[in-house]
Amino acid sequence: MIDATNKEAAPADGISAEGQKSLESMLAASRPAAAVGDVGEPDKPGEASATGQRCGVIAIVGKPNVGKSTLLNALVGQKISITSRKAQTTRHRITGIHTREQTQFIFVDTPGFQTRHATALNKSLNKTVMGAIGDVDLILFVVEAGSFTLADAKVLSLFKPGIPTLLIANKLDNIHRRAEIAPWLKSMQERHPFAEFVPMSAKSKSDVERLYGICAKYLPEQAWWYGEDELTDRSERFLASETVREKLFRFTGDELPYTSTVVIDQFSEEKSKQHKRLVRIAATIVVERDSHKAMVIGDKGERLKRIGTETRQELEKLMDAKVFIEIWVKVRSGWADDEARVRSFGYE
Ligand SMILES: Nc1nc2c(ncn2[C@@H]2O[C@H](COP(=O)(O)OP(=O)(O)OP(=O)(O)O)[C@@H](O)[C@H]2O)c(=O)[nH]1
């Protein structure tokens, strides 16, 4: 189990105090009547008692590349979900847990909902999104501030009535004239009965802090499901495959199609006199073509070596262990179109 010992602070490149103030007034102007009230003052679904714990599940949903994984990592305070500039980096439902004061927030990240291609992989990703939003206490619907496309509309159309949904207008730092956002927020109000609007930047520490206060009041009063220090219920084996995948995408840039994946063949802990923990990992990167394999290996194996080194360094920090990792590359053409293969690679 991963715990909070390696906690890293989220980047603190937030908006200025003045920006925050104008943001607050914008928020007040755009908040639907049903949700008016000071942030942090529990008004829904009921007042928390002085000693009562709150605990609930929050789904983070949106089309690819809007910043869902960035937001989850900032909310959990440590890198749990991988991020990259490439759309569809997130392929699994990932749980991140954050406990503060009386409230335990259980976040589920979802893959960006795919509308364009109907491969077996994409069908599986879409099923994961549907599963994630069916049974939660709160939905954070993430869009890019100032934008609402057909792909956003398709995701929004999946939401069942009755689950409170916040509109997270992310990447606010990309909007240079903030006044322009108010009419857009008003138009969003007509699209869906959002409980609240939250214009923010997932990269701003103060915005993320504010979001906890906004979310807390929607979570039911009940005992916590996880220990106070737990950050995720995903296994170290899973985090290992996610880390290899992140490095793979980082070092191949846009060259490598997203239909490459990582399988962990071995994950074992060995006894060691020198090290507190020693973990041995063997992973295979599965690609669709020989040309992709060459791309991953790189000139004289240079790229694969870098992927291995950076994965090892990151996992050693994350797991507090000495890590030995070996990575292979295999070609399996057409795997993303083959339902049995998609399942055998760990997708639901
Ligand atoms: N400027 C800016 N960029 C952001 C912000 N949040 C996320 N990004 C960037 O947007 C890109 C996509 O972020 P991700 O968190 O991977 O997006 P995602 O929605 O999880 O993507 P999928 O896994 O494809 O569904 C990355 O390059 C992030 O650094 C933000 O608040 N401001």
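Residues numbered from 1 in each chain as written. Predicted model: local features only at pLDDT ≥ 70, side-chain atom pairs only at ≥ 80, totals over all residues. Heavy atoms only, no water.

As a further point, take the overall build of the chain. Of regular secondary structure, the chain possesses 10 helices and 9 strands. Across the 348 residues of the chain, 51% fall into the buried class. Of the roughly 16,300 Å² that the chain leaves accessible, carbon and sulfur atoms contribute 49%. (Helix = DSSP H or I, 4+ residues; strand = E, 2+ residues; numbered from the N terminus. Buried < 20%, exposed > 50% of the residue type's maximum accessible area, 1.4 Å probe, protein only. Areas by Shrake-Rupley, 256 points an atom, 1.4 Å probe, with all protein chains shown as cover.)

Before going further, it helps to examine the pairing of strand β1 (residues 54–61). With 8 of 8 residues buried, β1 lies mostly within the body of the structure. Across the two faces of β1 the burial is the same, with Arg54, Gly56, Ile58 and Ile60 and Cys55, Val57, Ala59 and Val61 all buried. By the bridge criterion, 4 bridges tie β1 to strand β4 (residues 138–144) in an arrangement that is parallel. Looking at the pairing, Ile60 lines up with Leu140 of β4. (Pairing = 2+ DSSP bridges.)

All right, on to the nonpolar core then. Residues Leu71, Leu75, Leu140, Leu166, Ile168 and Leu211 are the most contacted members of the largest nonpolar core, which totals 27 residues. Where this core is concerned, the elements lending two or more residues are β1, α2 (68–76), β3 (103–109), β4, β5 (165–170) and α6 (205–216). The element that contributes the greatest number of residues to this core is α6, accounting for 6 residues. (Core = buried A, V, L, I, M, F, W, Y, C linked by side-chain atoms within 4.5 Å.)

Evaluated as defined, the whole model comprises 4 aromatic pairs. Here Phe105 and Tyr212 contribute two aromatic rings whose centre-to-centre distance is 5.4 Å and whose plane-to-plane angle is 55 degrees, an arrangement assigned as tilted. With Phe105 in strand β3 and Tyr212 in helix α6, this residue pair connects regions lying 107 residues apart in the sequence. Aromatic rings pair up to connect Phe105, Phe107 and Tyr212 into one cluster. Positioned above the aromatic ring of Tyr212 is the side chain of Arg100, whose terminal nitrogen or guanidinium carbon lies 3.9 Å from the ring centre. Residue placement shows Lys322 over the ring face of Phe324; its charged tip is 5.5 Å from the ring centre. (Phe/Tyr/Trp six-rings, centres within 6.5 Å; stacked < 30°, edge-to-face > 60°. Lys NZ or Arg CZ within 6 Å of the ring centre and 35° of its normal.)

Now for helix α8 (residues 290–297). Every buried residue of α8 is listed here: His292, Met295 and Val296. Buried residues in α8, looked at end-on, bunch into an arc of 95 degrees, giving them a common side. Where α8 is buried, its residues contact α7 (236–252), β8 (278–287), α9 (302–319) and β9 (322–331). Residue Gly298 follows α8 closely and has a positive phi angle near 75 degrees. (Arc of directions from axis to C-beta. Contact = heavy atoms within 4.5 Å.)

Here the focus is the confidence of the model for the chain. When the pLDDT values of the chain are averaged, the result is 77; 67% of them are 70 or greater. Mean pLDDT across the secondary structure elements of the chain bottoms out at helix α1 (residues 17–30), with 47, and peaks at β5, with 96. Segment residues 1–23 is flagged for pLDDT under 50; beyond a separation of four residues in sequence, or across chains, it makes 48 contacts in the model. Note that residues 27–50 has pLDDT below 50 and, in this model, 47 contacts with residues that lie over four places away or in other chains. (pLDDT = per-residue confidence, 0-100.)

For the pair α2 and α6, interaxial distance at closest approach is 10 Å and the crossing angle is 80 degrees. The angle between the axes of α2 and α6 places the two elements in the roughly perpendicular class. Facing Leu71, Ala74, Leu75 and Val76 of α2, the residues of α6 in contact are Val208, Leu211 and Tyr212. For the contact of α2 with α6, the residue count by class is 7 nonpolar, no polar and no charged. (Axes fitted to C-alpha atoms, helices over the stretch in contact; angles between N-to-C directions. Parallel < 35°, antiparallel > 145°, perpendicular 65-115°, else oblique. Nonpolar A, V, L, I, M, F, W, Y, C, P; charged D, E, K, R; others polar.)

Now for α7. With 17 residues, α7 should cover 24 Å at 1.5 Å per step; its first-to-last C-alpha distance of 24 Å lies within 8% of that length. Just beyond α7, the residue with positive phi is Gly253, at close to 55 degrees. (Expected span 1.5 Å × (residues − 1).)

Applying the stated criterion across every chain, the model contains 15 salt bridges. Glu209 serves as the salt-bridge partner of Arg100, at 3.1 Å between the closest nitrogen and oxygen. Taken together, the positions of Arg100 in strand β2 (residues 94–100) and Glu209 in helix α6 put the pair 109 residues apart, joining distant regions of the chain. With a relative accessible area of 27%, Arg100 lands in the partly exposed category. (Salt bridge = Lys/Arg side-chain N within 4 Å of Asp/Glu carboxyl O.)

Here we take up unusual backbone geometry. Positive phi is not limited to glycine here, since Glu101 has a value of about 45 degrees. Examined against the element boundaries, Glu101 turns out to sit in the loop between β2 and β3. By relative accessible area, which is 72% here, Glu101 ends up exposed. A positive phi angle is found at Lys171, which is not glycine, with a value near 60 degrees.

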